[in-house]
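Summary of structural features
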Amino acid sequence: MQVLQVQLAVQADPAEVGRARRWVRSRLLNHGVDPDAPIAETVVLVVSELVTNAVVHTGSPAVLRLCFPMDGAAREAAHAPVGDTGGVRESATVGPLRVEVADASQAAPAPRHAGPDTDATSGRGLELVELLCDRWGWYPDGSGKRVWCEIGADAPPVDPLAAVDWAALAQ
């Protein structure tokens, strides 16, 4: 199986998170993924969380990478002009989509729990990644680290907080 990889350099500026989300949406659309599909919403949210963590917690640039596993037929579909299929392409992904964010910090990602305060603006990023992804992890990479996750085509809807047991998290 071959993998199509695309990447984006992200500067150490929180405004870059929005640019990363827009870039991911366009890459997914170019790859034949319906922008309203649950997997697209999930990928955008996960990318937003991982890029935010990299930019905010390291204060240095990062690299965002999307890895699309593809077979021969999927590669042809991904590169066919949209007009050849009536304006809509079937998704060319045949396995889980992998998201990677490399940053300059060697510190391990540390999941935090925001607790029952639903107004809290931080502390849920890696918890969301864990809830929404099939698998996730990290490893040292050069002088920094790479945080990765895999999201299957059957990604859950992007309302993971509905299933969170806030009382248990507050203990």
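The following paragraphs examine the structure supplied in this document. For clarity, every value in this text was computed on a predicted model and none was experimentally measured.

Thresholds applied
Residues numbered from 1 in each chain as written. Predicted model: local features only at pLDDT ≥ 70, side-chain atom pairs only at ≥ 80, totals over all residues. Heavy atoms only, no water. Helix = DSSP H or I, 4+ residues; strand = E, 2+ residues; numbered from the N terminus. Buried < 20%, exposed > 50% of the residue type's maximum accessible area, 1.4 Å probe, protein only. Contact = heavy atoms within 4.5 Å. Areas by Shrake-Rupley, 256 points an atom, 1.4 Å probe, with all protein chains shown as cover. Salt bridge = Lys/Arg side-chain N within 4 Å of Asp/Glu carboxyl O. Pairing = 2+ DSSP bridges. Axes fitted to C-alpha atoms, helices over the stretch in contact; angles between N-to-C directions. Parallel < 35°, antiparallel > 145°, perpendicular 65-115°, else oblique. Left-handed = near helix turned anticlockwise from the far one by under 90°. Disulfide = S-S within 2.5 Å. Polar contact = N/O pair within 3.5 Å; in protein donor to acceptor, adjacent residues only side chain to side chain.

A count of helical and extended segments in the protein gives five helices and five strands. Along the protein, from the amino end to the carboxyl end, the secondary structure elements read β-α-α-β-α-β-α-β-β-α. Considering the protein as a whole, with its 171 residues, one finds that 43% of them fall into the buried category. The contacts in the protein between residues at least 6 apart in sequence include a share of 72% that link residues at least 24 apart. Surface summary for the protein: the accessible area is close to 9000 Å², and the carbon and sulfur share equals 52%.

With that out of the way, let us pick up the environment of Leu132. Its place among the elements puts Leu132 in helix α4 (residues 125–132). Sequence separation between Leu132 and Glu150 is 18 residues, and the spatial gap between their C-alpha atoms is 9.3 Å.

Our next topic: the pattern of salt bridges. Going through the model one piece at a time under the given rule, you end up with eight salt bridges. Note that Glu150 is salt-bridged to Arg135, the shortest N-O span being 3.0 Å. Note that Glu150 is positioned in strand β5 (residues 144–151) and Arg135 in strand β4 (residues 135–141), a separation of 15 residues in sequence. Look at Glu150 and you get buried, because its relative accessible area is 13%. With a relative accessible area of 46%, Arg135 lands in the partly exposed category. In the salt-bridge network here, residues are joined through shared partners; they are Arg65, Arg98, Glu100, Arg135, Asp141, Arg146 and Glu150.

The next point concerns the sheet that holds strand β2 (residues 62–70). Ordered in space as β1-β2-β3-β5-β4, the five strands form an open sheet in which the pairing is antiparallel. With partners counted over all chains shown, the strands left at the sheet margins are β1 (2–10) and β4, one partner each. The mean inter-strand angle of the sheet, taken between neighbouring strand axes irrespective of direction, is 20°. Summarising the sheet, β1 and β2 pair through nine bridges and their orientation is antiparallel. Directly across from Ala9, in β2, lies its bridge partner Val63. Helix-sheet contacts for helix α2 (residues 38–58) involve β1, β2, β3 (97–103) and β5, and the interaxial angle to β3 is about 10°.

All right, on to the packing of helix α1 (residues 16–30) against α2 then. Their axes nearest at 9 Å, the elements α1 and α2 cross at an angle of 150°. If you check the angle between α1 and α2, you find them roughly antiparallel. In this structure, the crossing between α1 and α2 has a hand that is right-handed. In this structure, α1 uses Val17, Ala20, Arg21, Val24, Arg25 and Leu28 to contact α2, whose residues at the interface are Ala40, Val43, Val44, Val47, Ser48, Val51 and Thr52.

It is worth spelling out the state of the cysteines at this point. In total, this model carries zero disulfides according to the counting rule given. Considering cysteine sulfurs only, Cys149 is the nearest to Cys133, which forms no disulfide, with 3.6 Å between them. Among the residues examined, Cys133 registers a relative accessible area of 9% and is labelled buried.

A separate point is the side chain of Glu100. In this structure, Glu100 sits in strand β3. Polar side-chain contacts of Glu100 include one of 2.7 Å to the side chain of Arg98. Among the polar contacts made by the side chain of Glu100, one reaches the side chain of Arg146 at a distance of 3.2 Å. Ignoring any residue separated from it by four or fewer positions in sequence, one finds Glu100 in contact with Val63, Leu64, Arg65, Cys67, Tyr139, Arg146, Val147 and Trp148.

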